[in-house]
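Spelled out, the chains give:
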Amino acid sequence: MVYGYVRVSTKDQNAARQISALMNEGVDEKNLFVDRKSGKDFQRKRYQSLLRKIKPGDVIFIKELDRLGRNYTEIIENWRLITVEKQTDIVVLDMPLLDTRKCGNDLTGRFIDDLVLQILSYVAETERRNIRQRQAEGIAAAKARRSFREPRYFIAGKFFGGCRPVV
């Protein structure tokens, strides 16, 4: 059986480009599992449903590795769970080296897959950390700006709202 896994971080994000890419690979719409949740961990309803459904010999298509997750350790653990314990193949469309259908018992192929997987998993988690850092910096900057730019109203000769203007 061929499955597809799609993840976007929020309900407002659009999963269409991922879904389209997976359907172009032959994934039937009924075999698509879509989560709208952060990739910080793997406690996602549809992902867990996919894990329960897969069997040896199945294939899971993913558009990009960071759509699987953004936690280095958990990506590695889940990759092993899927490919070794469940004996299901994974194909990452944007990284052709991450196609477990090709390596089989080839030790060199598996070694290269593992190296690429570890590098990309590291990049995925690092990007998540960078996103969080940029968000925190942006929020702090916005709060700082608002404290100096809050609306100031003078009604009937009295000052209301915000900080008093610096004289």
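From a predicted model like this one, the values you see are computed outputs, not experimental measurements. (Residues numbered from 1 in each chain as written. Predicted model: local features only at pLDDT ≥ 70, side-chain atom pairs only at ≥ 80, totals over all residues. Heavy atoms only, no water.)

**Overview of the sheet that holds strand β4 (residues 89-92)**
Link 1 in the chain: Reading across from one edge, β2-β1-β3-β4 is the order of the four strands in this open sheet, with parallel pairing throughout. Only two strands of the sheet have a single partner each, and these edge strands are β2 (32-36) and β4. Averaged over all neighbouring strand pairs, the angle between strand axes comes to 20 degrees, with direction disregarded.
Link 2 in the chain: Sheet topology note: the strand β1 (residues 2-8)/β2 ladder contains five bridges and is parallel. Counterpart to Val 6 in the pairing with β2 is Val 34.
Link 3 in the chain: On the sheet, helix α1 (residues 16-24) packs against β1, β2 and β3 (59-62) and is oriented at approximately 165 degrees with respect to β1. (Pairing = 2+ DSSP bridges. Helix = DSSP H or I, 4+ residues; strand = E, 2+ residues; numbered from the N terminus. Axes fitted to C-alpha atoms, helices over the stretch in contact; angles between N-to-C directions. Contact = heavy atoms within 4.5 Å.)

**What to know about the layout of surface pockets**
Link 1 in the chain: Volume-wise, the second largest pocket comes out at about 310 Å³.
Link 2 in the chain: Taken together, 17 residues make up the lining of the second largest pocket; nearest its centre are Arg 7, Ser 9, Gln 13, Arg 70 and Ile 131.
Link 3 in the chain: Of all the elements in the fold, those that place two or more residues in the lining of the second largest pocket are β1, α1, α3 (65-68) and α6 (107-149).
Link 4 in the chain: Per element, the largest residue contribution to the lining of the second largest pocket is four residues, and it comes from α6. (1 Å grid on protein atoms, 1.4 Å probe; cavity = no way out; pocket = protein on both sides within 12 Å on 5 of 7 lines; lining within 4 Å. Points joined across faces, edges and corners; volume = space filled by probe spheres on them.)

**A closer look at the side chain of Asp 35**
Link 1 in the chain: Mapped onto the fold, Asp 35 is located in strand β2.
Link 2 in the chain: Although buried, Asp 35 forms no salt bridge, and the nearest oppositely charged side chain, Arg 44, lies 4.7 Å from it.
Link 3 in the chain: Here the side chain of Asp 35 touches Arg 46 through a polar contact of 3.0 Å, landing on its backbone nitrogen.
Link 4 in the chain: Those residues in contact with Asp 35 that sit more than four places away from it in its chain are Tyr 5, Val 6, Arg 7, Val 8, Arg 44, Lys 45, Arg 46 and Tyr 47. (Buried < 20%, exposed > 50% of the residue type's maximum accessible area, 1.4 Å probe, protein only. Lys, Arg positive; Asp, Glu negative; His and termini not counted. Salt bridge = Lys/Arg side-chain N within 4 Å of Asp/Glu carboxyl O. Polar contact = N/O pair within 3.5 Å; in protein donor to acceptor, adjacent residues only side chain to side chain.)

**Quick notes on the environment of Tyr 122**
Link 1 in the chain: Following the sequence through the fold, Tyr 122 ends up in helix α6.
Link 2 in the chain: When the C-alpha positions of Tyr 122 and Asp 66 are compared, they lie 9.9 Å apart, and in sequence the two are 56 residues distant.

**Overview of unusual backbone geometry**
Link 1 in the chain: For Gln 87, which is not glycine, the phi dihedral falls at a positive 55 degrees.
Link 2 in the chain: Positionally, Gln 87 belongs in the loop between α4 (72-85) and β4.

**Details of the nonpolar core**
Link 1 in the chain: By size, the foremost hydrophobic cluster in this structure holds 21 residues, and its most contacted members are Ile 60, Leu 65, Leu 68 and Trp 79.
Link 2 in the chain: Listing elements by their share of this core, those giving two or more residues are β1, α2 (45-53), β3, α3, α4, β4 and α6. (Core = buried A, V, L, I, M, F, W, Y, C linked by side-chain atoms within 4.5 Å.)

**Describing α4**
Link 1 in the chain: If you check α4, its first and last C-alpha atoms are 19 Å apart, about what 14 residues at 1.5 Å a residue would give, namely 20 Å.
Link 2 in the chain: Every buried residue of α4 is accounted for by Ile 75, Asn 78, Trp 79 and Ile 82. Along α4, the residues classed as buried sweep out an arc of 105 degrees about the axis, all on the same side. Turned more than 90 degrees away from the buried face of α4, the exposed residues are Glu 77 and Glu 85.
Link 3 in the chain: Put simply, Asn 71 is the residue that caps the front of α4, since its side-chain oxygen is 3.2 Å from the backbone nitrogen of Thr 73.
Link 4 in the chain: The positive-phi residue at the C-terminal boundary of α4 is Gln 87, with phi of around 55 degrees. (Expected span 1.5 Å × (residues − 1). Arc of directions from axis to C-beta.)

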